[in-house]
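Fold and geometry: a report
Chain by chain, the residues:
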Amino acid sequence: MNPNKALWEKGDFTEIAAFMRESGEAVVNSIGITPPLRALDLGCGDGTTAMPLALLGAEVTGIDIARNLVEAGNRRAAAGLDRLKFHEGDACNLDGVGDDSFDLTLSVFGAMFAPKPFDVAKEMVRVTKPGGRIVMGNWIPNDPTFVSQLLKVSSAFTPPPPEGFVSPMTWGVDTHVVERFGQAGVPREKISMVKDTFHFKSPDKRPEHFIDLFRRFYGPTMNAFDAAEKNGKVEELHSQLVELAKAQNQSKNHGTSIPATFLRVTVSV
């Protein structure tokens, strides 16, 4: 069983997703959608980017490893978006998805967490039509902004990963991106990468509440708190994360607005 599946199904991720709605829409709007268009949102969660894709007129399939997120997404789509469907699936093996099925394959902080990155690249290329695009949003290792620093703090409280573990943060490194898509048959000149900024926003939730959500529902921090409980270091971990969120919060109105830099990858197939 993919460990990420169990990790996400331990909680309801939709509360964190609420912090991501506005920026998810901004990412989709920046891609340039011209219907008719068939799109795959891989590692879609409950629809942070799939929903705005469909609202812009695309026919969207969302695929995620976690059943609870797929169910939550289908509940959201049932409100009137017939062209949006969510399915359970593994980014490393898109079993049942045909070759050349989509004009756009999108994955924003999703497929990067799958355990076999070369298989992920191969599958994304396989299901994207010739002339289509793959767009990924990936967190960047050692970046000074929020998510990279949160993962860095969390890792200091977590046991070393098992042998053979490939960090999802390697998807934020140019050379790894080029190598993975290169093995999938994509030449270097068809891969572009730029740094972009994602914002976690809430007009009325404080950074402390934001960290509480990550503690309860976000896999890496869930694991860190589990380990910290065994070592009597929960307060130390919590204090460091709250301090980080407060330091990076740009809201002036008692809410939360925390920027996080990511690597935007665009692949022409």
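Residues numbered from 1 in each chain as written. Predicted model: local features only at pLDDT ≥ 70, side-chain atom pairs only at ≥ 80, totals over all residues. Heavy atoms only, no water.

Tallied over the entire structure, the rule returns 13 aromatic pairs. Relative to phenylalanine 200, the ring of phenylalanine 146 has its centre 6.2 Å away and its plane inclined at 70°; by these criteria the two rings are edge-to-face. With phenylalanine 146 in helix H6 (residues 146-155) and phenylalanine 200 in strand E6 (residues 191-202), this residue pair connects regions lying 54 residues apart in the sequence. Counting every residue linked through ring pairs, the aromatic cluster contains Phe109, Trp139, Phe146, Phe198, Phe200, Phe210, Phe214 and Phe262. The cationic tip of arginine 180 hangs over the ring face of phenylalanine 118; the distance from NZ or CZ to the ring centre is 5.9 Å. (Phe/Tyr/Trp six-rings, centres within 6.5 Å; stacked < 30°, edge-to-face > 60°. Helix = DSSP H or I, 4+ residues; strand = E, 2+ residues; numbered from the N terminus. Lys NZ or Arg CZ within 6 Å of the ring centre and 35° of its normal.)

Time to look at the state of the cysteines. A covalent bond bridging the sulfur atoms of two cysteines is what the word disulfide describes. Evaluated as defined, the whole model comprises zero disulfides. Cysteine 44 takes part in no disulfide bond, and the closest cysteine sulfur to it belongs to cysteine 92, at a distance of 15 Å. Since its relative accessible area comes to 11%, cysteine 92 is described here as buried. (Disulfide = S-S within 2.5 Å. Buried < 20%, exposed > 50% of the residue type's maximum accessible area, 1.4 Å probe, protein only.)

Considering soluble globular proteins, one finds that nonpolar side chains tend to be buried as a cluster. Residues Leu84, Trp139, Phe146, Leu150, Phe181, Phe200 and Val265 are the most contacted members of the largest nonpolar core, which totals 79 residues. In this view, tryptophan 139 contacts Phe109, Met112, Phe113, Val147, Met169, Gly172, Phe198, Phe200, Tyr218, Ala260, Thr261 and Phe262; residues no more than four positions away in its chain are not counted. (Core = buried A, V, L, I, M, F, W, Y, C linked by side-chain atoms within 4.5 Å. Contact = heavy atoms within 4.5 Å.)

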